[in-house]
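# An overview of the molecular structure
Letter by letter, the chains look like this.
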Amino acid sequence: MKREQIVVLGAGIGGLLAAGAAAPYFDRVIVVEKDQLPDQPLAEPVPRKGVPQGPQVHAIIKRGENTITGIFPDFPDRMRAAGSATVIAGWNLQVHEGGGWHPRRDFGFSIFAQTRALMEQVIRGCLLDLANVTLKAGCRFTGLDLSDNGAVKAVRISGDDPGGGDIAADLVVDAMGRGSPMPKWLDDHGHGMVRRSRAGINIHYVTMLLRRPEAYRDSADAWVIRATAPAKVRGATLIPIEGGRWLLTLASRFGDLPPLDFPDCLEFARSVEGGVLYDLIKDTEVTTAPRRFMVPEALLAHFDEMDDLPAGLLPLGDVIGNFNPMLAQGMTIASLHAESLGHCLQQLGKPGGDLQSVSHDYISAAVAISETAWQAAVNADFAYPKTEGNRPPDLAEQQKFRRAVREIIETDADLHKAAIDVQQMLQPGSALARPDVLERVRELS
Ligand SMILES: Cc1cc2nc3c(=O)[nH]c(=O)nc-3n(C[C@H](O)[C@H](O)[C@H](O)COP(=O)(O)OP(=O)(O)OC[C@H]3O[C@@H](n4cnc5c(N)ncnc54)[C@H](O)[C@@H]3O)c2cc1C
């Protein structure tokens, strides 16, 4: 059974995917975005103000690609047509972790490598081809109108053409990202402040675009260098992207800021582990200047605990949780929220499937998705004594488990494949808990 109208706040990755997942269940889908957006696809998409993390590296892991493809089946074709690079997991994508390079093995699947702006443009194109979707760009969320029973009734927006005012809504998705004004609006209007779990991870990113040198013109090679915790804090990512360029990200923590001048970036590159980064980039040319972004905290908002959340208000994506971006999970989590929204909306019109129960089921599922990813990410961050937050009692065991897996994949291709699958969120972490790994964990005790 179709409902009249759903309003999605925010046309970032989560908002676009939520709108796509909800489109089959509503007569009209209205997406409200505060940024002005180009009318036509740009030959070279660029970051925008409403997504301040946008210039930084945004890799989409395989589970995310698969989930987006479930919502927009031609997503992979459009990514390739738009010029996204592809890299073969385990082969082109070379990972330095735990003090050494992973063995090079071809695991038979590839992942996309592109700027965030290109990927967002591709998904926006998929969405805007749907006949019942309208995008109101340049319009800002200012508040909700609630009915007498406390359910959402309309969204208030301000903006230029097509003007401010109210937009009626059966459901409202809050996909306004990590800076969403919704939690404050809820608190200001007597609904209480959502409880947030926090961990002080204090991560700094600097990203720039480089012209690929001649020797790498047609190469799909990519490098990910993860700092060996707790002794080292510096890491880096160098990936091929659209337009024959490389995207270079330098990352660090706890006040060790990656620099913004390229000569200083070269010195930083010389200092990261792996011994290859400096030589790869020393003769390149910067095409887009270094930009910095800081992630002081990993946050998880427990919307499922709120007693007085207006019925029909559905938080999604970074509004629920954000964490260490080095794991490249954020867009995938947003896609899983959108997928979950679509599943819950299938219940509409079935026995017990009213908007209230759909909202409740969705929020429980979405918070659980974020919580699992958040916990795993934060527990890895706790390898650094300076990370602030509540450490789990089995933290030392978890760290030994990671060490055991890292050791065994040197000689064991099956475990290596499983580790890649877990990192790409294609399998749960439990896929690594083999008897030989657990035995090695005991030996490390
Ligand atoms: C440094 C860094 C690197 C990252 N790297 C990766 C990565 O490699 N891989 C990955 O998967 N994830 C990565 N992420 C995470 C990723 O950016 C987010 O998880 C993802 O963008 C979440 O999507 P979202 O739709 O929730 O929010 P966003 O994509 O941030 O979108 C929010 C939207 O809401 C709009 N908006 C805000 N306020 C209003 C308002 N009042 N009215 C109307 N519209 C509004 C904004 O303009 C924006 O368009 C990274 C994050 C950071 C910080």
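Below is a short write-up of the structure. Quick caveat: nothing in here was measured; it's all calculated off a predicted structure. (Residues numbered from 1 in each chain as written. Predicted model: local features only at pLDDT ≥ 70, side-chain atom pairs only at ≥ 80, totals over all residues. Heavy atoms only, no water.)

### Some details on the site of the ligand
Lining the immediate environment of the ligand, one finds 37 residues, of which Gly 14, Glu 33, His 58, Arg 116 and Asp 318 sit closest. Contact between the ligand and Val 57: a nitrogen atom at 2.8 Å from a main-chain N or O atom of the residue. A distance of 2.8 Å is found between a nitrogen atom of the ligand and a backbone nitrogen or oxygen belonging to Ala 59. Here the ligand has 1000 Å² of accessible area as a free molecule, and 97% of this is covered by the chains. Taken together, the elements giving at least two residues each to the shell around the ligand come down to helix H1 (13–22), strand S2 (26–33), strand S8 (139–146) and helix H8 (330–345). (Near = heavy atom within 4 Å. Polar contact = N/O pair within 3.5 Å; in protein donor to acceptor, adjacent residues only side chain to side chain. Areas by Shrake-Rupley, 256 points an atom, 1.4 Å probe, with all protein chains shown as cover. Helix = DSSP H or I, 4+ residues; strand = E, 2+ residues; numbered from the N terminus.)

### A look at unusual backbone geometry
The omega angle of the peptide bond from Ala 229 to Pro 230 is 0 degrees, so this bond is cis rather than trans. Structurally, the position occupied by Pro 230 is in the loop between strand S13 (222–225) and strand S14 (235–241). The phi torsion at Phe 254 lies on the positive side, around 55 degrees, for a residue other than glycine. If you trace the backbone, Phe 254 turns up in the loop between strand S15 (245–253) and helix H6 (262–271). Its identity is not glycine, yet Ala 328 carries a phi of approximately 55 degrees, on the positive side. Structurally, the position occupied by Ala 328 is in the loop between strand S18 (321–322) and H8.

### Some remarks on the sheet that holds strand S17 (residues 313–315)
Taken in spatial order, the five strands make up an open sheet running S7-S2-S1-S11-S17, and their pairing is parallel. Looking at which strands have only one partner, the edges of the open sheet turn out to be strand S7 (133–137) and S17. Between one strand axis and the next, the sheet turns through 20 degrees on average, direction left out of account. Of the strand pairs in this sheet, S2 and S7 are connected by five bridges, and their pairing is parallel. If you follow Val 32 over to S7, its bridge partner there is Lys 136. (Pairing = 2+ DSSP bridges. Axes fitted to C-alpha atoms, helices over the stretch in contact; angles between N-to-C directions.)

### Digging into the layout of surface pockets
What the second largest pocket holds in volume is close to 350 Å³. Forming the walls of the second largest pocket are 18 residues, and the residues nearest its centre are Gln 40, Pro 41, Gln 121, Arg 124 and Gly 125. Of all the elements in the fold, those that place two or more residues in the lining of the second largest pocket are helix H4 (116–128) and S7. Sorting elements by how many residues they give to the lining of the second largest pocket places H4 first, with six residues. (1 Å grid on protein atoms, 1.4 Å probe; cavity = no way out; pocket = protein on both sides within 12 Å on 5 of 7 lines; lining within 4 Å. Points joined across faces, edges and corners; volume = space filled by probe spheres on them.)

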